[in-house]
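Architecture at a glance
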Amino acid sequence: EKSKETALSRLFFTYQGIPYPVTMCTSETFQALDTFEARSDDIVLASYPKCGSNWILHIISELIFAVSKKKYECPEFPVLECGDSEKYQRMKQFPSPRILTTHLHYDKLPGSILEHRVKILVIFRNPKDTAVSFFHFHNDVPDIPSYASWDEFFRQFMKGQVSWGSYFDFAINWNQHLDDENVKFILYEDLKENLTAGIKQIAEFFGFSVTGEQIQTISAQSTFQAMREKSQETHGAVGPFLFRKGEVGDWKNLFSETQNQEMDEKFKELLTGTSLGAKMKY
Ligand code: A3P
């Protein structure tokens, strides 16, 4: 097991203190990211991995379609910090609005996003389901490294030695900006409980004027079942792994009692008393 951990550590490179997967990010791209030119009508979706970014990306694409009748096409891999270092040059040609998803801390966003006061939607999901989803993603998708066991993944997750680093560091960093004027916060669990209400809030925040009927249509197209059924068509071979289970509370199938307590203690230590801690369905 030890050698597997050592092997895994080679799959990351650290940039400004955070581990990123070598298969998806490079330091050249991070350097180029500093030159990224934001537009005030860009749409930023920020989340820790596995908190539902593809779900919200789909909802926003449907909202764009509803108001413009143009199908939203993203010619690049949607995660801003992933890909080759030329992508920011190419992105200058993309029509507005551009949807930029990111797993970066607020502090690590390119300055231009902050200068243009671009609207940012931050998505959170409780850390237990997030960890379980992240584990399955590594172990289900054939082309990315797998972990020897759930226990091993849990250990690395708690240490922040996973792709994009610590869930808790991400949460602490974003917690300071949830009340910023250009930032809106949404919870996976709330969207799951009331999809229509969530879509309405997202539409209002980004200024899409849509009718109740349009919201109902988008809602029907954005359920887990609807998205999973189309996942191969929309996301290729990785689709069924991206739309795996889509439930709240799946952590109960993997967490031991000790792991549950360890996570509860960490949450209490780092997030209880913060505005994020109070809002999260934990
Ligand atoms: P699970 O692995 O728990 O199923 P991301 O898009 O950020 O990678 O997040 C992926 C997680 O969001 C997966 O969680 C996936 O099933 C879930 N998800 C995607 N679309 C969803 C939807 N329409 N409804 C509920 N959950 C969804």
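What counts and what doesn't
Residues numbered from 1 in each chain as written. Predicted model: local features only at pLDDT ≥ 70, side-chain atom pairs only at ≥ 80, totals over all residues. Helix = DSSP H or I, 4+ residues; strand = E, 2+ residues; numbered from the N terminus. Buried ≥ 20, exposed ≤ 12 C-beta atoms within 10 Å, placed from the backbone. Contact = placed C-beta atoms within 7 Å. Pairing = 2+ DSSP bridges. Axes fitted to C-alpha atoms, helices over the stretch in contact; angles between N-to-C directions. pLDDT = per-residue confidence, 0-100. UniProt positions renumbered as here; feature names shortened; annotations may be inferred. Near = placed C-beta within 6 Å. Core = buried A, V, L, I, M, F, W, Y, C linked by C-beta atoms within 7 Å.

1. Structural notes on the overall build of the protein
For the protein, the helix and strand inventory stands at 16 helices and six strands. Within the span of the protein, comprising 282 residues, buried residues form 33% of the whole. Contacts in the protein between residues at least 24 apart in sequence constitute 72% of all its contacts with a sequence separation of at least 6.

2. Remarks on the sheet that holds strand β6 (residues 183–187)
Strand order across the open sheet formed by four strands is β4-β3-β5-β6, with parallel pairing between neighbours. With partners counted over all chains shown, the strands left at the sheet margins are β4 (99–102) and β6, one partner each. Sheet twist, expressed as the mean angle between neighbouring strand axes with direction ignored, is 20°. In this sheet, strand β5 (residues 119–124) lies alongside strand β3 (residues 43–47) in parallel orientation, the contact comprising five bridges. Bridging from a neighbouring strand, A46 pairs with V122 of β5. Against the sheet, helix α10 (residues 195–206) engages β3, β5 and β6, with an angle of about 155° to β5.

3. Quick word on the confidence of the model for the protein
Averaged over every residue, the pLDDT of the protein is 94; the share at 70 or more is 97%. With pLDDT under 50 throughout, residues 1–6 is counted as low confidence; its partners more than four residues away or in other chains account for four contacts. Reported for the predicted complex are a pTM of 0.96 and an ipTM of 0.99.

4. What about the UniProt feature "domain: Sulfotransferase" (unreviewed entry) in the protein?
Within this structure's numbering, the places UniProt gives as "domain: Sulfotransferase" (unreviewed entry) are residues 41–274. Its end C-alpha atoms 30 Å apart, residues 41–274 is made of 49% helix and 9% strand.

5. Structural notes on the site of the ligand
Taken together, 22 residues lie near the ligand, and N54, S133, F224, R244 and G246 sit nearest. When residues of the shell around the ligand are traced back to their parent elements, those giving at least two are α3 (53–68), α6 (127–140) and α12 (224–229).

6. Remarks on the pairing of strand β1 (residues 12–15)
The sheet contact formed by β1 and strand β2 (residues 18–21) spans four bridges and is antiparallel. In the strand pairing of β2, F13 is matched with Y20. Where β1 hands over to β2, the hairpin turn is made up of two residues, of which Q16 adopts a positive phi near 45°.

7. Some words on unusual backbone geometry
Of note, the amide linkage connecting S96 to P97 takes the cis form, showing an omega dihedral of -5°. With respect to the element layout, P97 can be found in the loop between α4 (87–90) and β4. Within the chain, Q16 stands out as a residue other than glycine whose phi angle is a positive 45°. Relative to the assigned elements, Q16 resides in the loop between β1 and β2.

8. Examining the nonpolar core
V44, I59, L121, V122, I123 and F124 are the most contacted members of the largest nonpolar core, which has 53 residues in total. Contact partners of F124, with chain neighbours within four places excluded, come to C51, F185, L187, Y188 and M280. A131, F134, F153 and F154 belong to the second-largest nonpolar core, a separate cluster that totals nine residues.

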